[in-house]
Amino acid sequence: MTNPDQERRIAFEWREPRSAYDVVIVGGGGHGLATAYYLATRHGIANVAVLERSYIGSGNSGRNTTVIRANYGIPEAVRFYQRSIELYQRLEEETERDLMHRQKGLLWIAHSEPGVRAERARAAINTAFGARTEFVTPEEIARICPQVDLSGGGIWPVRGATYHPEGATARHDRVVWAYAEGAMRHGVEVHQRTPVTGLRLDGGRVTGVETPRGPISAGVVLAAAGGHVTALGEMAGLRLPIRSHPLQALVTNHYERRFEPIVASADLLFYVSQTARGEMLMGAEIDRQPSYSYRSGHHFLQYTAFRAITLLPFLRDLRVLRQWTGICDMSPDYSPIMSATPVEGLYLTTGWGTWGFKAIPAGGEGMAALIATGEPPELIAPFSLDRFAKDRTLADRGSAGTH
Ligand SMILES: Cc1cc2nc3c(=O)[nH]c(=O)nc-3n(C[C@H](O)[C@H](O)[C@H](O)COP(=O)(O)OP(=O)(O)OC[C@H]3O[C@@H](n4cnc5c(N)ncnc54)[C@H](O)[C@@H]3O)c2cc1C
């Protein structure tokens, strides 16, 4: 028997990729690695290579603010994200790794009458499709999170909120590593520093990938390349309905009191939670201008700090320690794309925008089933690429980062 530390050293030993696999997954983020893990553990398909151009988790899976929730705005999304919540709740046990998963509850605050109506509608649709969400009054908000200034600084008075008790966080890079190690224990190979520079095509079929370490043949190629997915689409002659937008986040120094829930405001477009170290972690909406720039900006810092301090005045005594950016793959209807493509053998998991960390378990599970059986499981079938051509889009504005 090897102990877990030995396993880890063995698994990440440097070696050259082989010349052929059943499945090549492009991108070692949460979605690529979770798909590899579920292919190996649920379907016995382990002749799989995950090719990551940098290090695993170097994309958005290692840059996000780690919020896990299912309180979305359309039935298809509520059901899908609820499945992911359930998988996350069992993931530490399944992978035998401490993921720092913690159920905290999530408050989604409304400051206006339209906001209250939207939150009441959210509670109704969540309840109808399997997620636990209830409408709460300002008095109940004060009980759940005493730090909230109910007057909203005299500018944005708090009118009510939805409370989603299963809202949670988990340590993002630990999730990535747990899936990578779990997949490798079952025979999957993960090759870091291995960019895919081209797709090999034969007629209307994908037959492999090009890399600086040589060509690799594959029966199936999954593009799980986050904000850089359109470049892969182009390699196959596909124009994907994705725009890449920067999304920023920041973290403060340690707040000495405990701040239990995740707090979001749909009207003010920001959200905040406390990390295990006691830091306050904040995010807001995407940068309007599509770009691949990882630069962090003063504008984000200014408006996020101003709005957050208005609702949570204690934040004014803290200092911003770090600010960073990820590149988000935004779909036109704010819903993911988990799908086969017109190129035979080429699959996509994309459109994860600002909301895809919470989706890693259910997304990986669904994509693995699609690749293994050729049929999309019911939970992911509505999220196919052809929904745009068929006018069956899934407009979901249930995320703070999408207004
Ligand atoms: C600041 C920020 C905050 C966020 N907060 C949340 C949140 O609180 N909750 C939530 O649910 N979601 C959140 N998200 C979104 C979430 O992080 C992403 O949707 C999710 O991580 C996407 O995972 P992925 O595996 O699809 O992509 P990624 O993690 O980006 O992985 C894609 C990988 O592909 C690699 N790659 C790209 N091109 C190639 C190539 N040609 N060859 C080989 N490798 C390649 C990249 O290097 C990268 O590692 C946030 C995102 C950001 C940026």
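Look a little higher up for the structure.
Just give me the short version of the overall build of the protein, but keep the residues and values in it.
A count of helices and strands for the protein gives nine helices and 19 strands. Expected size for 403 residues packed as a compact globule is a radius of gyration near 22 Å; at 21 Å, the protein falls within 12% of this value. Taken along its principal axes, the extent of the C-alpha atoms in the protein is 65 × 50 × 40 Å. Counting all 403 residues of the protein, 56% fall into the buried class.

Please provide a residue-by-residue account of the sheet that holds strand E8 (residues 168-169), values included.
Strand order in the open sheet formed by three strands is E3-E8-E4, with antiparallel pairing between adjacent strands. The open sheet has two edge strands, strand E3 (67-68) and strand E4 (102-103), and neither has a second partner. One ladder, built from two bridges, connects E3 with E8; its direction is antiparallel. Along E8, the bridge assignment pairs Val-67 with Thr-169.

Go over the packing of helix H3 (residues 75-95) against helix H9 (residues 360-373) with me, naming the residues and quoting the values.
Two elements in contact, H3 and H9, have axes whose closest approach is 7 Å; the angle formed by their N-to-C orientations is 105 degrees. Here H3 is positioned roughly perpendicular relative to H9, judged by the angle of their axes. Contact residues: H3 offers Phe-80, Arg-83, Ser-84, Leu-87 and Tyr-88, while H9 offers Ile-360, Pro-361, Ala-362, Gly-363 and Glu-365. Taken together, the residues of the contact of H3 with H9 sort by class into six nonpolar, two polar and two charged.

Please give an account of the pattern of salt bridges that cites residues and values.
A complete count under the given rule lists 16 salt bridges for this structure. Arg-174 serves as the salt-bridge partner of Asp-98, at 3.6 Å between the closest nitrogen and oxygen. Taken together, the residues span a long stretch of sequence, with Asp-98 in the loop between H3 and E4 and Arg-174 in helix H6 (residues 172-185) at a distance of 76 residues. Taking relative accessible area as the criterion, Asp-98 reaches 48% and is therefore assigned partly exposed. Among the ionic pairs, Asp-173 bridges to Arg-171, the shortest N-O distance being 2.7 Å. By sharing partners, the salt bridges in this structure join Arg-102, Arg-258 and Glu-260 into a single network.

Before we move on, can you summarise the sheet that holds strand E6 (residues 134-136) with the specific residues and values?
The strand order across the open sheet formed by eight strands is E6-E7-E5-E14-E15-E16-E13-E17, and the pairing between neighbours is mixed. Two strands close off the open sheet at either side, each with one partner strand: E6 and strand E17 (320-330). Strand-to-strand twist of the sheet, defined as the mean angle between neighbouring strand axes without regard to direction, takes the value 20 degrees. Looking at chain direction, strand E5 (residues 106-110) and strand E7 (residues 160-164) are connected through five bridges and run antiparallel. By the bridge assignment for E7, Leu-106 is matched with His-164.

How would you summarise the pairing of strand E15 (residues 270-274) if you had to cite specific residues and measurements?
Consecutive residues of a regular strand have side chains that alternate between opposite faces of the sheet. Summarising burial for E15: five of the five residues are buried, a large majority. Neither face of E15 is left uncovered, since the one carrying Phe-270, Val-272 and Gln-274 and the one carrying Tyr-271 and Ser-273 both have all their residues buried. Counting the residues that bridge the hairpin from strand E14 (residues 262-265) to E15 gives four residues, and of these Leu-269 lies at a positive phi of roughly 55 degrees. Joining the antiparallel neighbours E15 and strand E16 (residues 279-283) is a turn of four residues, in which Gly-278 adopts a positive phi near 95 degrees.

Let's hear about the packing of aromatic side chains: which residues, and what values?
Taken as a whole, this structure holds 13 aromatic pairs when the rule is applied. Note on Tyr-72 and Tyr-81: the rings are 4.2 Å apart at their centroids and 15 degrees apart in plane angle, and the pair reads as stacked. Assessed through its relative accessible area of 2%, Tyr-81 is described here as buried. Seen from their ring centres, Tyr-334 and Trp-355 are 6.5 Å apart, and the 65 degrees between their planes marks the pair as edge-to-face. Taken together, the residues span a long stretch of sequence, with Tyr-334 in the loop between E17 and strand E18 (337-340) and Trp-355 in the loop between strand E19 (346-350) and H9 at a distance of 21 residues. Comparing Tyr-334 with Trp-355, the two get one shared label, buried. In textbook terms, an aromatic cluster arises when at least three aromatic residues are bridged by ring pairs, as seen for Tyr-72, Phe-80, Tyr-81, Trp-352 and Phe-383.

Rules used in this analysis
- Residues numbered from 1 in each chain as written.
- Predicted model: local features only at pLDDT ≥ 70, side-chain atom pairs only at ≥ 80, totals over all residues.
- Heavy atoms only, no water.
- Helix = DSSP H or I, 4+ residues; strand = E, 2+ residues; numbered from the N terminus.
- Rg over C-alpha atoms; globule rule 2.2 N^0.38 Å.
- Buried < 20%, exposed > 50% of the residue type's maximum accessible area, 1.4 Å probe, protein only.
- Pairing = 2+ DSSP bridges.
- Axes fitted to C-alpha atoms, helices over the stretch in contact; angles between N-to-C directions.
- Parallel < 35°, antiparallel > 145°, perpendicular 65-115°, else oblique.
- Contact = heavy atoms within 4.5 Å.
- Nonpolar A, V, L, I, M, F, W, Y, C, P; charged D, E, K, R; others polar.
- Salt bridge = Lys/Arg side-chain N within 4 Å of Asp/Glu carboxyl O.
- Phe/Tyr/Trp six-rings, centres within 6.5 Å; stacked < 30°, edge-to-face > 60°.

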